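# Remarks on the overall topology
This is what each chain is made of:
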Amino acid sequence: MTSSTASGDKDSPATALGPTALILGVFSAVGTWAFLFPWTVLAGALAVTFGAMGLHYARRGTGRLWPSAVGTALGAIGFIGTVTLLWSLA
């Protein structure tokens, strides 16, 4: 067993923030049209949060930038769209 088990530069939980934000952002944006209101608001807020953290770490060299940016944008669209729709109905 000559290989090291120490974590490397790219072995970080921060690398999962971008793809997680992307999945949650897609669910938030699509869920608005499927009338899944409580879940789309939660998924949108989490997508924006995880995407912002992913953007922060991607600028420092850990993870990729594009899934974080797209996830943040889709999460914001889903969150703002759902909140606007519910606010207009009240």
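Residues numbered from 1 in each chain as written. Predicted model: local features only at pLDDT ≥ 70, side-chain atom pairs only at ≥ 80, totals over all residues. Heavy atoms only, no water.

As annotated in an unreviewed UniProt entry, the protein is Integral membrane protein from Streptomyces iakyrus.

Per the UniProt record, "transmembrane region" (unreviewed entry) is annotated on residues 20–53 and 65–89. The span residues 20–53 shows a helical share of 85% and a strand share of 0%, and its end C-alpha atoms are spaced 11 Å apart. Its end C-alpha atoms 36 Å apart, residues 65–89 is made of 100% helix and 0% strand. (UniProt positions renumbered as here; feature names shortened; annotations may be inferred. Helix = DSSP H or I, 4+ residues; strand = E, 2+ residues; numbered from the N terminus.)

Within the secondary structure, Ile-77 is located in helix α3 (residues 65–89). On the basis of relative accessibility, which here comes to 55%, the residue Ile-77 falls in the exposed class. Sequence-wise, Ile-77 and Val-26 are 51 residues apart; in three dimensions their C-alpha atoms are separated by 9.7 Å. (Buried < 20%, exposed > 50% of the residue type's maximum accessible area, 1.4 Å probe, protein only.)

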